[in-house]
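Chain residues, written in single-letter form:
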Amino acid sequence: MAYNVLLFADPGIDDSFAIMYALLNPDLNIVGIVSGYGNTPKEQSVKNTAYLINLSGREDIPIIAGTAGPLSGEPVQFYPEIHGPEGLGPIKPPDTLQNVEVHDFNKILEIVEQYKNNLIIVNVGRLTEIALMFILYGNDALKDVNAFYIMGGAFLVPGNITAEAEANFYSDPIAARSVMEKAHNIFLYPLNVTNKAIITPDMIEFLSKNSPTPFRPLLQPAFDYYYKAYQKNVPGIKGAPIHDAVPLMAITNPEIFRYVSRRVKVEEFGDAKGKSIADFRPKPDPQPPETLDYISIEIDIQKFVENFMEAFLQGDFEKK
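**Q** Tell me about the overall build of the chain, residues and numbers included.
**A** In terms of helices and strands, the chain carries 12 helices and 13 strands. For the chain, whose C-alpha radius of gyration is 18 Å, the value lies close to the compact-globule estimate of 20 Å for 320 residues. Considering only C-alpha atoms, the chain reaches an extent of 55 × 45 × 40 Å along its principal axes. For the chain, the residues scored as buried account for 55% of the 320 residues in total. Put simply, of all contacts in the chain between residues at least 6 apart along the chain, 82% involve residues at least 24 apart.

**Q** Describe in detail unusual backbone geometry, supporting the description with residues and values.
**A** Going from Pro11 to Gly12, the amide bond is cis rather than trans, its omega being 0°. Structurally, Gly12 can be placed in the loop between β1 (3-9) and α1 (13-24). The phi dihedral of Asn117 is positive, around 60°, even though this residue is not glycine. One non-glycine residue, Asn185, adopts positive backbone phi at about 50°. By the secondary structure assignment, Asn185 is in the loop between α7 (173-182) and β7 (186-189). For Asn185, a relative accessible area of 32% corresponds to the partly exposed category.

**Q** I'd like a description of the packing of α1 against helix α11 (residues 245-252), backed by residues and values.
**A** For the pair α1 and α11, the least separation of the axes is 8 Å and the interaxial angle reads 20°. Here α1 lies roughly parallel to α11, going by the angle between them. Where α1 abuts α11, its residues Ala18, Tyr21 and Ala22 lie against Ala245, Leu248, Met249 and Thr252. Looking at side-chain class alone, the contact of α1 with α11 contains 6 nonpolar, 1 polar and no charged residues.

**Q** Lay out the pattern of salt bridges in plain terms, naming residues and giving numbers.
**A** Within the structure shown, the criterion is met by 12 salt bridges. Where Asp10 meets Arg126, a salt bridge forms, and the shortest distance between an N and an O atom there is 3.9 Å. Highlighted residues: Asp10 in the loop between β1 and α1 and Arg126 in the loop between β5 (120-123) and α5 (128-137), separated in sequence by 116 residues. The same class applies to Asp10 as to Arg126, namely buried. A salt bridge links Lys143 to Asp144, with the shortest nitrogen-to-oxygen separation between them at 3.4 Å. A relative accessible area of 49% places Lys143 in the partly exposed class. Among the charged side chains, a salt-bridge network with shared partners connects Asp279, Arg281 and Asp285.

**Q** Residue-level account of empty space enclosed by the protein, with values.
**A** A full pass over the atoms with the stated rule returns 1 cavity of 30 Å³ or more. Approximately 30 Å³ is the volume found for the largest cavity. What lines the largest cavity is Phe8, Ala9, Asp10, Gly36, Tyr37, Gly125, Arg126 and Glu129. In terms of residue class, the lining of the largest cavity is made up of 3 nonpolar, 2 polar and 3 charged.

**Q** How would you explain the sheet that holds strand β13 (residues 293-299) if you had to name every residue and give the values?
**A** With respect to topology, 9 strands assemble into an open sheet ordered β4-β3-β2-β1-β5-β6-β7-β13-β10, the strand pairing being mixed. The open sheet has two free edges, formed respectively by β4 (102-103) and β10 (257-262), since each of these has just one partner strand. As paired elements, β1 and β5 share 4 bridges and run parallel to each other. Within β5, the position partnered with Phe8 by the bridge is Asn123. Across the sheet, α1 touches β1 and β2 (28-35), and the angle it forms with β2 is around 150°. Packing of α11 onto the sheet brings it into contact with β1, β2, β5, β6 (147-151), β7, β10 and β13, and relative to β1 it is tilted by some 170°.

**Q** Can you tell me about the layout of surface pockets, naming the residues and giving the values?
**A** Rolled over the atoms, a probe with the dimensions of a water molecule shows which regions are left empty. Approximately 470 Å³ is the volume found for the largest pocket. Taken together, 28 residues line the largest pocket, and the ones lying closest to its centre are Ile82, Asn160, Ala167, Tyr230 and His243. Mapped onto the lining of the largest pocket, the elements with two or more residues apiece are α1, α3 (80-83), α6 (167-171) and α10 (216-233). For the lining of the largest pocket, a count of residues per class yields 13 nonpolar, 8 polar and 7 charged.

**Q** How would you explain the nonpolar core if you had to name every residue and give the values?
**A** Phe17, Phe304 and Phe312 are the most contacted members of the largest nonpolar core, which totals 69 residues. When residues no more than four places from it in sequence are discounted, the contact partners of Phe17 are Ile204, Leu219, Ala222, Phe223, Ile242, Phe308 and Phe312. In this structure, Leu142, Phe148, Ala183 and Ile186 belong to the second largest nonpolar core, which totals 35 residues.

Rules used throughout
Think of each chain on its own: its residues are numbered from 1, step by step along the sequence as written. Since the coordinates come from a predicted model, pLDDT governs what is reported: local features require at least 70, and pairs of side-chain atoms require 80 or more to be given and counted, while whole-chain, interface and lining totals use all residues. Water and hydrogen atoms were dropped before computing side-chain values, which therefore reflect all heavy atoms in the structure. Here a strand is any run of E in DSSP of at least two residues, a helix any run of H or I of at least four, and the numbering for each starts at the N terminus. As a reference, a globule follows 2.2 Å times the number of residues to the power 0.38, and the radius of gyration itself is taken over C-alpha atoms. Accessibility here uses a 1.4 Å probe with only protein chains present; expressed as a share of the type maximum, an area under 20% marks a residue as buried, one over 50% as exposed, and anything in between as partly exposed. The criterion used for residue contact is that any of the two residues' heavy atoms lie within 4.5 Å. As a rule, the C-alpha atoms of each element are fitted with a line to give its axis, helices using only the stretch in contact, and angles between N-to-C directions run from 0 to 180 degrees. Working definition: roughly parallel below 35 degrees, roughly antiparallel above 145 degrees, roughly perpendicular at 65 to 115 degrees, and oblique for all remaining angles. Gly is placed with the polar residues, together with every amino acid not listed as nonpolar (Ala, Val, Leu, Ile, Met, Phe, Trp, Tyr, Cys and Pro) or charged (Asp, Glu, Lys and Arg). Within this document, salt bridges are pairs made up of a side-chain nitrogen of Lys or Arg and a carboxyl oxygen of Asp or Glu, the two lying within 4 Å of each other. The method works on a 1 Å grid over the protein atoms by themselves. A cavity is a set of points holding a 1.4 Å probe that cannot get out, a pocket is an open set with protein on both sides within 12 Å along at least five of seven lines, and residues with an atom within 4 Å of a point line them. Grid points are joined across faces, edges and corners, and a volume is the space filled by probe spheres set on the points. For two strands to be treated as a pair, DSSP must find at least two bridges joining them. Among the buried residues, those of types Ala, Val, Leu, Ile, Met, Phe, Trp, Tyr and Cys that are joined through side-chain atoms within 4.5 Å form a nonpolar core.

Distances and angles like these do not, on their own, reveal function.
In structure tokens, the structure reads:
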């Protein structure tokens, strides 16, 4: 049986690779994609999601419009130098996608009820939408979700937006703090592991020539744009990290990860805005068990790469 996944994303090149990976993984059943602001404005995020769904022939997957900005109301900073002006590097989704049906926020509740106690939420973008669920519908709104798999944070390593903060937590630290406090059974994938999830140009070149999937024409141009940005930001890097595929892979390949249980908090304001905090001392202060989160601290990179490549090389690709 495949795992039912409600995916929150803001594509974005690595988000787009994550969506493609999820659609190709036969052990994941994507039951909805919530698309909001982040790497691009909300409207572009929705359009990019619709494009990927259309390519895969999975128009049955509902697209849900997310939020346009953080809970603080601060202006949103986008990153065209990393993801391109429209989020997919040089690729421009066709204008024929303008009439795609987009659901409102209530659709999330419908999906949670439909897959009650048989649903995983995966969040690879800002955490605004999940935080808003708790604000709108109360702290028990998502109690019937089995687990939350979240890409975010950085522990004892540098951030990627500031010296200490990772992008998803930094862009809406109020939401990040709220979700880390109110959600349950959280599996967190910080930069500690996602920075290591590197795919190289040679791998992408191979996929661009051999992948039998409908995504093949996107792989090389989107990755090349993303990789060039990383070469500027991280001199000497041999590839580009596909951060957002990591939590999705963790659902079906738990054996390639190692975790520690700690309570995670997020700084909301000041110079440390967006910083993720956990007690990594040999004897951390005791916390109530229900407040502990599973922080991924190690990943088997060879197996990550093998699984990623296998997804895009399926010889018997069928529209699920």
